[in-house]
Amino acid sequence: MRLSKIIAKSLKRADPWGRSLLWVLAFVLSAGNLQAKSGVIEGRVRDGIAGISLPGATVAVIGTSRGAVADEAGNFEIKGVPAGTYSLRASNIGYSSLVISDIVVNPVKPTVVDFTLWETPLELDKVVVRPEFFVRPLDAQVSVQSQASEEIRRLPGGLEDVVRAISILPGVAQVQNGRNDLIVRGGAPSENLYLIDNIEVSNINHFGTQGASGGPLSYINLDFVDNTTFSTGGFGVRYGDRLSSILDIDLREGRRDRLGGKATISASQFGLNAEGPLGPNKSFLFSGRRSYLDLIFRTAGFEFVPEYWDFLLKTDWRPDDGNEIDFLAIGALDRVRFFNDDADDRYENSRNLYSDQDQVVSGLSWKTYISDGFIINTLGQTYNQYAFMQNDSLLEPIFRSNSREYETSWRGELTRQVSPKTNFNLGLQARTVRTTGSLFIRPYTDPYGDEINAATDFEESGFKGAAYAQITQLVGRLKIVAGLRGDYFNLINDRTAYSPRLNLSYMASSRWTFSIGAGNYRQPPSMIWLATNPANKNLHYISAYQAVAGVEYLLRSDTRITLESYYKDYFDYPASASKPYLVMANTGAGYGGAEESFASFGFEPLISAGKGRAYGLEFLAQKKLSEIPCYGTVSLSLNRSEFAGIDGIYRPGSFDQRFIGNFGGGYIFNEKWEMALKFRLATGRPYTPINPDGTRTADNYNSQRSRANHSLDIRVDRRWFFENWTLIAYIDIQNIYNRKYIDVPRYDERTGTLDTVSSIGILPSIGISAEF
């Protein structure tokens, strides 16, 4: 029996509510028969250095007979492409071919794909240059991965979050279930940097951890992301101020044909997008999103509710072929409401640290092309307001921290091609930083028996500066990237630091590439550590010597296998002057609070006497979407990280996970249906055992390890293409076989027992979006 007949019979039998739902289902399914069959792909092909158009470049839709040739302005247009997901190849004589995958075509609007091609000075009789699915930045020859927005969107359990999507990549550990704390190659959560359209941002998460980079959910709207580049080590000198990783997020431009938008409701939020032209060569993007967790949490009986809003506005202007001007503004508002209806609610709320936050990011970027190169100037402004609190079960304050952080930055960068085999990069940075606020801790004895208390008002202003130079030289099949960076920070006694770095990459054949990288990486202490205790201005730059070696084998143009090893030697890490075991590398993840002595706020005296080491081996097998309609990533990581405080004893780092295995992949059945899976297995992380009375012994710091965790997530997507709009619906089931996540134990004072389970098991969710 046809589904339409089943629905018709059901309509006669259903109650009023049931009939309403069935009428909606009948409409969607019947309208699906009126689907439009094709869309348009358009864009531009240009040189990667000079930005000049490449007329005559060919663009082909892989797996079809459709394609186009770029006109005199480098523009191309491919009409009549059936709705679906494709890969595009751009080629031009004298340039490396480039393939961009995961291009979704629908009839609602033109799909815009811009290609940036790089000259290939290699002699073709020596090396066969193949189409590149896997493109590396000029200054990153090791430990770098790129993801398109569509790859991020369809990842099961990823909540369409740019941060959560990189959790399946090698070298990334997950501290807690449902958190975005980045622990990269044994580093601390404070060692990661985000860039949004060239604007440096310390944290892009709602309810973020001050001085670190984590939180439960990113505030970046994935609908506006073009692609992301994630580097876990060996990055060039243009990136400073961080030791472990760089997540570089490029936002796309708004549509230029007409006004359009998108309405979305997902597992945790609903939102509305708008985009369109602002005039000749101008466009805009805007979104507003709000969580509805307050409805879910209250109905489920939770004792607290997180609520958040976020907004994003981007405008772009292309006054001529030689100039690009972009403006960006992002705002995030986070609030927590409490339901202290009974003693149980008050006790549960007393165990956690909560915060209300306001975050604002804004910036203006101007890219101008010159002869054989380009200059980028970026002005940025960030503002963060934090209001942390923790009460006891009688609602009396244990902890209060109210602070504001301001940062104004400028970055100027010149990139020039001296010759077909030589590129030169020069940059300057200047930043003013300021923080004001107060911190209060009621006197109490922490689980280690230490007396904790603090009461201070603070206000600090400082200046950061940096200069760097880098050269990229091709010698036969060997690519050399050498650079030197100098940093300055006037709020610490040791104000200057220098960071030489070197990367080598040798293309042995069209399939084999060998790479090594080494260098010094420096990071200043967190502003909150310096502000809450003036004695901490005696700290030095946190430093790490890093070395990476890897090999890549291109199995097919769309499939690669990589194997990398790394070693990181930390020194001058801030460590507690009174707690011999404590290094600040072991703080800053999770929700913190009294159980962790509020250590991440750095209010106690710190000295640069900590040291550490992290090393490991990483395997990655990755297939991009191509004419074969499947994709997938398999990553395996063997890691070890250890840190020592002022006692000099190396202990496992608090975020040390010895083995991490991930699989994420899926299959596109047709233009309507897609299914994806994600599996993750990771050994537990270290913790200090808890004595029967709830205390802990410092000699046993991080001497035990929690149980390994694993889970399987599944996601199914369905698309409907109509004449003037597109409907996308999905179901995402996390932890489908219902294995509870086991975290490090917590002591329950009421029962005198330990809690280890920190998840609700299987978690199904649905999402619906309509684009018009």
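A brief look at the structure comes next. Everything numeric here is computed off the predicted structure, so don't read it as measured data.

A separate point is the pairing of strand β40 (residues 709–721). Relative to β40, strand β37 (residues 673–682) runs antiparallel, the two sharing 10 bridges. In the strand pairing of β40, E674 is matched with D717. Pairing geometry for β40 and strand β41 (residues 726–734), over 8 bridges, is antiparallel. Each bridged residue has a counterpart across the sheet, and for I714 the counterpart in β41 is I733.

This paragraph deals with the pairing of strand β27 (residues 451–475). As defined by bridge partners, strand β26 (residues 422–445) adjoins β27 across 22 bridges and the pair is classed as antiparallel. Across the sheet, the residue bridging to T435 is E460, located in β27. Linking two consecutive strands that pair antiparallel, namely β26 and β27, is a turn of 5 residues; a positive phi of about 85 degrees is found at G449 within it. Of the pairings in the sheet, the one linking β27 to strand β28 (residues 478–489) comprises 12 bridges and is antiparallel in character. Within β28, the position partnered with I471 by the bridge is A482.

The subject of this paragraph is the sheet that holds strand β6 (residues 98–105). What the 4 strands build is an open sheet, ordered β3-β2-β5-β6; its pairing is antiparallel. Each edge of the open sheet is held by one strand with a lone partner, namely β3 (67–69) and β6. Taken over all neighbouring pairs, the strand axes of this sheet differ in orientation by 20 degrees on average, direction set aside. Looking at chain direction, strand β5 (residues 84–91) and β6 are connected through 6 bridges and run antiparallel. Within the sheet, the bridge partner assigned to R89 lies in β6 and is V99.

Here we take up the sheet that holds strand β16 (residues 225–231). Here 5 strands make up an open sheet; going across it, the order is β9-β16-β17-β12-β13 and the pairing mixed. At either end of the open sheet lies a strand with only one pairing partner, and these are β9 (144–148) and β13 (199–201). For this sheet, the mean inter-axis angle between neighbouring strands, taken without regard to orientation, is 20 degrees.

What follows is about helix α5 (residues 343–350). Those residues of α5 lying buried are D345, Y347, N349 and S350. At its buried positions, α5 is contacted by β21 (304–320), β22 (323–338), β23 (354–370), β24 (373–391) and β42 (742–748). Between the side-chain oxygen of the N-cap and the backbone nitrogen of D344 there are 3.1 Å, and the N-cap of α5 in question is D342.

Time to look at empty space enclosed by the protein. Under the defined criterion, the tally for this structure stands at 13 cavities of 30 Å³ or more. Looking at the largest cavity, its volume works out to about 500 Å³. Contributing to the lining of the largest cavity are 31 residues, with S202, R242, E405, E407 and K464 lying nearest its centre. Contributions of two or more residues to the lining of the largest cavity are made by β12 (192–196), β13, β24, β25 (397–419), β26 and α6 (527–532). Broken down by element, the residue count for the lining of the largest cavity peaks at 4 residues, all from β26. By residue class, the composition of the lining of the largest cavity is 12 nonpolar, 11 polar and 8 charged. In this structure, the second largest cavity spans a volume of roughly 350 Å³. For the second largest cavity, the lining is made up of 28 residues, of which E160, T264, S266, Q269 and R289 are closest to its centre. Secondary-structure elements contributing two or more residues to the lining of the second largest cavity are β15 (217–218), β18 (260–265), β19 (269–279), β41 and β44 (763–771). It is β19 that contributes the most residues to the lining of the second largest cavity, 5 residues altogether. Class assignment for the residues of the lining of the second largest cavity results in 11 nonpolar, 10 polar and 7 charged.

Right, let's get into the side chain of K623. Tracing the chain through its elements places K623 in strand β33 (residues 606–623). The exposure class assigned to K623 is buried, which follows from its relative accessible area of 16%. Here I628 takes part through its backbone oxygen, which lies 3.4 Å from a polar atom of the side chain of K623. In this structure the side chain of K623 is engaged in a polar contact, spanning 2.9 Å, whose partner is the backbone oxygen of C630.

Analysis parameters
Residues numbered from 1 in each chain as written. Predicted model: local features only at pLDDT ≥ 70, side-chain atom pairs only at ≥ 80, totals over all residues. Heavy atoms only, no water. Pairing = 2+ DSSP bridges. Helix = DSSP H or I, 4+ residues; strand = E, 2+ residues; numbered from the N terminus. Axes fitted to C-alpha atoms, helices over the stretch in contact; angles between N-to-C directions. Buried < 20%, exposed > 50% of the residue type's maximum accessible area, 1.4 Å probe, protein only. Contact = heavy atoms within 4.5 Å. Polar contact = N/O pair within 3.5 Å; in protein donor to acceptor, adjacent residues only side chain to side chain. 1 Å grid on protein atoms, 1.4 Å probe; cavity = no way out; pocket = protein on both sides within 12 Å on 5 of 7 lines; lining within 4 Å. Points joined across faces, edges and corners; volume = space filled by probe spheres on them. Nonpolar A, V, L, I, M, F, W, Y, C, P; charged D, E, K, R; others polar.

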